[in-house]
Amino acid sequence: MENASSVKEFILLGLSQNQGVQKICFVIFLFFYVIIVAGNLLIVITVISSQRLKSPMYFFLCSLSLVDICYSSVTAPKMIADFLVENKTISFVGCVAQLFGVHFIGCTEIFILTVMAYDRYIAICRPLHYTTLMTRRVCGQLVIGSWVGGFLHSIVQTLLTTQLPFCGPNKIDHYFCDVHPLLQLACTDTYAMGIIVVANTGMITLSCFFILVMSYVVILVSLRSQTAEGRHKALSTCGSHITVVILFFGPCTFIYIRPSSNMSEDKSVALFYTVITPMLNPLIYTLRNEEVKSAMRKLWGRKVGSEKGKV
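Residues numbered from 1 in each chain as written. Predicted model: local features only at pLDDT ≥ 70, side-chain atom pairs only at ≥ 80, totals over all residues. Heavy atoms only, no water.

Trainee: I would appreciate a short explanation of the sheet that holds strand β1 (residues 9-12) in the present structure.
Mentor: Where strands meet in a sheet, backbone hydrogen bonds hold them as pairs that are either parallel or antiparallel. Taking strand neighbours across the sheet as the criterion, the three strands line up as β2-β1-β3 in an open arrangement whose pairing is mixed. Each edge of the sheet is formed by a strand with only one pairing partner; in this case those strands are β2 (89-91) and β3 (171-172). When β1 meets β2, the two strands line up antiparallel, connected through three bridges. When the sheet's bridge partners are listed, Phe10 is paired in β2 with Ile90. With respect to the sheet, helix α3 (residues 92-125) is in contact with β1, β2 and β3, its orientation differing from that of β2 by roughly 85°. (Pairing = 2+ DSSP bridges. Helix = DSSP H or I, 4+ residues; strand = E, 2+ residues; numbered from the N terminus. Contact = heavy atoms within 4.5 Å. Axes fitted to C-alpha atoms, helices over the stretch in contact; angles between N-to-C directions.)

Have a look at this one:
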């Protein structure tokens with residue numbers, strides 16, 4: 001990872017410079033992170049242990065929960081620890097690693113959300129072909145493809161960024177290392193690089209969002225020919241996914257589809273897709289899904305029953 005940089009470490013300015021505010025943020029975001037890990041881990045354990053949740057939809061939900069845990073873990077622990085220290089430094093290598101992780105797992109989540117929309121499209125619009133089209137092998141390939149796509153995207157972003165020279169300012173006005181804040185610190189003209197970032201990250205986000213919107217337009221049109229009960233069941237499963245898509249894609253599109261000019265605004269928006277959405281996903285998918293809630297109750301019942309048996 002050799003480049004022309006004289007900068008060996010960066011200073012993350014974080015969300016606030018006020019000591020009192022930082023202590024409050026430490027408690028709040030530590031609580032959020034615990035909820036993210038516990039909530040998403042509960043979904044993973046529930047899907048794996050339940051015999052009723054073996055359909056492709058729950059396989060993808062399990063994959064999404066794993067991605068959410070990984071995604072938050074790239075930025076949240078460092079951000080939380082920095083609330084307690086005055087010197088919020090990160091090494092050049094650590095910064096590049098965090099940049100790679102954010103784009104790798106973030107892009108993987110975008111592809112998995114798109115795959116989940118495709119799954120709902122096949123289930124609702126082509127129900128007779130669903131079992132033949134969405135086999136275990138196909139589902140596995142779609143998830144692996146999502147991870148590979150995220151990896152390739154992140155490699156491009158990371159390699160381009162590491163070629164930039166950093167020779168002066170090293171203060172990043174953000175709580176994690178991302179492309180836009182690093183572009184502002186580079187000792188060279190980054191206009192062309194900024195265009196590439198928009199073309200790479202922004203267009204992936206926008207194109208996947210367009211596919212998602214078109215999928216649900218087709219689904220909504222096809223629901224007109226179904227019974228009221230069929231429409232209610234379809235909208236129930238799709239509603240959760242649409243909510244998550246809006247919460248995740250909205251902020252991502254805002255950040256990456258345009259050249260960044262206001263870091264203070266960007267880091268506030270980034271909280272939505274790095275912390276808030278991963279925290280809300282388990283609630284959104286469980287509160288609107290009776291099968292998941294039922295499986296969780298049975299899992300809890302078996303746990304309580306086994307503990308009573310030991311006593």
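Trainee: Could you clarify how one ought to interpret the state of the cysteines in this entry?
Mentor: Should the sulfur atoms of two cysteines be covalently bonded, the bond is a disulfide. Summed over all chains, the structure comprises two disulfides. Between Cys95 and Cys177 runs a disulfide, and the two sulfur atoms are separated by 2.0 Å. Residues Cys95 and Cys177 are joined by a disulfide whose S-S torsion is about -120°; by sign, that bridge is left-handed. Within this pair, whereas Cys95 is found in helix α3, its partner Cys177 is found in the loop between β3 and α6 (179-185), the two being separated by 82 residues in sequence. (Disulfide = S-S within 2.5 Å.)

Trainee: How do you make sense of the packing of aromatic side chains when you look at a structure like this?
Mentor: How two aromatic rings sit relative to each other is given by the distance of their centres and the angle of their planes. Applying the stated rule across the entire model yields 17 aromatic pairs. Measuring from ring centre to ring centre gives 5.7 Å for Phe59 and Phe60, while their planes differ by 55°; the resulting arrangement is tilted. What makes Phe59 partly exposed here is its relative accessible area of 35%. Residue Phe60 is classed as buried on the basis of its relative accessible area of 1%. Summarising the aromatic geometry, the rings of Tyr256 and Tyr273 are spaced 6.4 Å apart at their centres and angled 50° between planes, so their arrangement reads as tilted. Residue Tyr256 is located in helix α8 (residues 228-256), and its partner Tyr273 is located in helix α9 (residues 263-287); the two are separated by 17 residues in the primary sequence. Taken together, the ring pairs connect Tyr71, Phe209, Phe248, Phe249, Tyr256 and Tyr273 into an aromatic cluster. (Phe/Tyr/Trp six-rings, centres within 6.5 Å; stacked < 30°, edge-to-face > 60°. Buried < 20%, exposed > 50% of the residue type's maximum accessible area, 1.4 Å probe, protein only.)

Trainee: Could you clarify how one ought to interpret the nonpolar core in this entry?
Mentor: As a rule of thumb, soluble globular proteins bury nonpolar side chains together. Formed by 66 residues in total, the largest nonpolar core has its most connected members in Phe29, Leu113, Phe248, Phe249, Tyr273 and Val275. Those elements giving two or more residues to this core turn out to be α1 (19-49), α2 (56-82), α3, α5 (136-162), α7 (191-222), α8, α9 and α10 (290-310). For this core, the element with the highest residue contribution is α3, accounting for 12 residues. Dropping the residues within four chain positions of it, Tyr273 is found in contact with Tyr71, Phe176, Asp178, Phe248, Pro251, Cys252, Ile255, Tyr256 and Pro278. Listed in part, the 19 residues of the second largest apolar core include Val7, Phe92, Leu182 and Leu185. (Core = buried A, V, L, I, M, F, W, Y, C linked by side-chain atoms within 4.5 Å.)

Trainee: Can you walk me through the pairing of β1 in this structure?
Mentor: For a regular strand, side chains alternate in direction, first toward one face of the sheet and then toward the other. Side chains Phe10 and Leu12 of β1 all project onto a buried face; the interleaved residues Glu9 and Ile11 project onto a face where none is buried. Taken together, the two bridges between β1 and β3 define a ladder with parallel strand orientation. Its bridge partner lying in β3, Leu12 is registered against Ile172.

Trainee: Would you mind going over the side chain of Ser146 with me for this structure?
Mentor: Among the secondary structure elements, Ser146 is positioned in helix α5. Setting aside chain neighbours within four positions, we find Ser146 in contact with Thr108, Phe111, Ile112 and Val115.

Trainee: In this structure, what is going on with the packing of α5 against α7? I would like to understand it.
Mentor: When two helices pack together, you describe them by how their axes are tilted relative to each other and by the distance separating the axes. In the contact formed by α5 and α7, the axes pass within 11 Å of each other and the chain directions differ by 165°. If you check the angle between α5 and α7, you find them roughly antiparallel. Pair α5 / α7 crosses with left-handed handedness. Between α5, through His153, Val156, Gln157, Leu160 and Thr161, and α7, the contact on the second element is made entirely by Met193, Ile196, Val197, Asn200, Thr201 and Ile204. (Parallel < 35°, antiparallel > 145°, perpendicular 65-115°, else oblique. Left-handed = near helix turned anticlockwise from the far one by under 90°.)

Trainee: Whenever I open this one, a nonpolar patch on the surface confuses me. Can you help?
Mentor: On the surface, Ile144, Val148, Phe151 and Leu152 cluster together into a nonpolar patch covering about 380 Å² of accessible area. Mapping Phe151 onto the fold places it in helix α5. (Patch = residues over 30% accessible without salt bridge, like charges linked within 9 Å, V, L, I, M, F, W, Y side chains within 5 Å. Areas by Shrake-Rupley, 256 points an atom, 1.4 Å probe, with all protein chains shown as cover. Salt bridge = Lys/Arg side-chain N within 4 Å of Asp/Glu carboxyl O.)

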